[in-house]
Every structure is written in structure tokens, then in C-alpha cells.
Amino acid sequence: MAVNYGPNRYDVVGSFLRPAKLKQAREDFSAGAIDAAALKAVEDECITDLIAKEKKAGLRFITDGEFRRATWHLDFMWAFEGIGHSTTEDGLPFHDEAAKIDDTYLTGKISLAGEHPFVEHFRFVQSFEDENTTAKLTIPAPAQFIEQFIMPMNRKATDAAYGSDALLEDDIVAAYLAFIEQVHAAGCRNLQFDDCSWGCLVDPKAELFFGTDQAGLARIKETLLRVNNRVLDAAPADLRINTHVCRGNFHSTWACEGGYDDVADALLANEHVNAYFLEFDDERSGSFAPLSSVPAGKKVVLGLVTTKRAELEDKQAVIARIHEAAKYVPLENLCLSPQCGFASCEIGNKLTEEQQWAKVALVREIAEEVWGD
């Protein structure tokens, strides 16, 4: 069976709304009412149902909707040695509310001991592959990983574990390559790096976020690009790695704003990914002009259909925006997707499952009208 490396003309980022049955099971597990085996049985059932819906929607990539995770990124981090987490008191400041996700910090040196649990998560999805569908795994980008531990809130713990950020970076790269070796051996050929670090960097409050000045932000930009490329360049040649970039997604709210202009020279011109999934659903993302930095031949998946609101976009307005973007990237190198996942965290965005699938159907309908495939 030929491997679908994607991206496809119509695609999704990866996460989907958790069904009520799954949310209840996770609550019961946290309360000690059911054991891990019972929780896994519900997860397996819900993921099996989700994959059937993904196939019915015509998606050529299938995912587990991130149904086994509390958040899109932290569960991945927690599986490594040297990382601790605890219930947050304050949460992370989003536009309309605080994201109540666990505080996550270093307790020692980062390493991977044994098989990462996401490898088995991938194998489960892979078992549903057929001649039309390929399993895709989404994980946080290395840049997102290092950002977590160089932010002011975590600086004290990081400095206690590492004598320099260079040593921290080296261990993150080694841990990622160990994970990639495992998941590649399991058969994964399409991996997605989800990355909000660039969104934080372009925000007007970036100096406050990172506790530095403009010169410091320039150094951080270099670090984010370098750590991503060190992993990308060392990955197996037959593993396609795409990236999704956004500005935060929690309960239909957002964390950051700002166009891609200030990071186009790094992220868009020089990150060695196969393709970009880029958020462009509202004015927070700026104009399409930075797309002129994308190298010739590289694909861009335009995130023009929002997952944050239930209302369906006007089809002709989306088509017009695709053609506007085609002034900077040839139409044949563009694709379409929702702007982010539907549930980056368990709580999910403020829309129903029916509305979620209507969004996916709209993306497909528009893509088939624009590209005919």
C-alpha cells in the first residue's frame, strides 16, 4: 500500500471533541471509580467510533483525536524522565479565561526511559489503516518543548536541572530522536509538530511572556528554529514531518495574536518541515504577505475555517481568501483545513459534534470546488 505523505487538499489538524462517555470515564478514573483497563476500554471504543467518522468524512489521514490526552502537548512531555507536573492554581492566561492545565516543570535531566506511550497510541490508529487512509500522529514541536522550560514561570527549576540552555536543548533533541526512532520503527510515516511557540514570539506582549527584551527575543527565535531543525534534519528520510502553528486554542479562546511577519525569515523560510498548517481564521493572524517567504515547492495548508465558533463560514469568502493567498504561494501548493484542532484540551471548543463535522464537510466541499480533488 502506497504511503500518503500529504498534506491533502482538505485536511484537519488532528484533535476532535471528546464524547460525553469519554469525559465521564476520565472523571471516573481520576476519582478512582474505575481502573486504567476500564478507561482504556472506553478510549478504544470512542477512538474506533471517531475513526469511522473520519473515514466517512472522506479524510485521508486518521488520528485518535487526541482522546487519550488531557492536553495536546503536556501528556507527551510527562512521559519523559525529568519532567514533573502538578495541579495548577492560576492556569495560563488566555483571552477570556485561564486555561486550567497542570503546571509542568523540570525535576531533573530529560531522557526517554522505555517506550513512550504515544507509540502504542499510534499502533492502535495504524490498525485501522486501509487503501484510502493513513495514520497520523500529532505531538508538540521541539520548540514548544524547550519553550515550556525557558519561560519565567519555570526558569528556577530549569536552572536547577541544567547549567545552560544549550545542555537543555541537547537533551531535548536526544529525547525527540529516541522517540522518533521508536515511532518510526512502529510504522509511522507522517508526524505533525504542533507549535504555539512562534505565536507567543510574535505577540505584542512577547517580552513579558519570555521575560526578556528585543535582543533576547531574537536569540529565542534562533533557538526555536535551531532545535526544530536539529530534530528534523536527523529524522529518517522516509518520515514526513509537517508542522501546525497557531496562537493558542482553549475552550474557544486564544492566548496570543500577531502576524507571521517577524518570524517569516525563520519559521517560513528556513524551518525544514515538509509542509505548514497555518492559522489564518481571523485578524489575529495578520496578512498572507509573509507567505512570500515560503520556499518554492513547499506546501501550505491554510487554516481558514475556525474551530472556535460554531457558525459556518461563507464558502465564497473562503474561496476568495484562498485565491488571495495564491498571490504568494502558487495555488497548486495550497491546501485547506480548519485553523486548529477542535479540542486541544479535554474541555474542547464551544461547538457540538454535529457542528464540528459540518466544519469538516465545509472544508472538503470548498477544496473539491477549488482544486477538484
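Just so it is clear, the model here is predicted, and its values are computed rather than measured. (Residues numbered from 1 in each chain as written. Predicted model: local features only at pLDDT ≥ 70, side-chain atom pairs only at ≥ 80, totals over all residues. Heavy atoms only, no water.)

A. Just helix α10 (residues 214–234), in detail. Between its first and last C-alpha, α10 extends 31 Å over 21 residues, near the 30 Å set by a 1.5 Å rise per residue. When α10 is considered as a whole, its buried residues turn out to be G216, L217, I220, K221, T223, L224, L225, V227, N228, N229, V231 and L232. (Helix = DSSP H or I, 4+ residues; strand = E, 2+ residues; numbered from the N terminus. Expected span 1.5 Å × (residues − 1). Buried < 20%, exposed > 50% of the residue type's maximum accessible area, 1.4 Å probe, protein only.)

B. Spatial organisation of helix α7 (residues 165–185). With 21 residues, α7 should cover 30 Å at 1.5 Å per step; its first-to-last C-alpha distance of 30 Å lies within 8% of that length. All buried positions along α7 are accounted for by L168, E169, I172, V173, A175, Y176, F179, I180, V183 and H184. At the C-terminal side of α7, G187 shows a positive phi close to 115 degrees.

C. Highlighting the packing of helix α1 (residues 20–30) against helix α2 (residues 36–56). Between α1 and α2, the shortest axis-to-axis distance is 10 Å and the interhelical angle comes to 165 degrees. As judged from the angle between their axes, α1 and α2 are roughly antiparallel. Along this stretch, α1 crosses α2, giving a crossing that reads as left-handed. Listed contacts from α2 to K21, L22, A25, R26 and F29 of α1 are A36, L39, V42, E43, E45 and C46. Across the contact of α1 with α2, the residue classes break down as seven nonpolar, no polar and four charged. (Axes fitted to C-alpha atoms, helices over the stretch in contact; angles between N-to-C directions. Parallel < 35°, antiparallel > 145°, perpendicular 65-115°, else oblique. Left-handed = near helix turned anticlockwise from the far one by under 90°. Contact = heavy atoms within 4.5 Å. Nonpolar A, V, L, I, M, F, W, Y, C, P; charged D, E, K, R; others polar.)

D. Structural view of the packing of aromatic side chains. The tally for this structure, following the rule as stated, stands at 13 aromatic pairs. Taken together, the ring pairs in this structure connect F76, F80, F118, F145, F149, Y176, F179 and F193 into an aromatic cluster. Sitting above the plane of the F124 ring, R68 keeps its charged end 5.0 Å from the centroid. (Phe/Tyr/Trp six-rings, centres within 6.5 Å; stacked < 30°, edge-to-face > 60°. Lys NZ or Arg CZ within 6 Å of the ring centre and 35° of its normal.)

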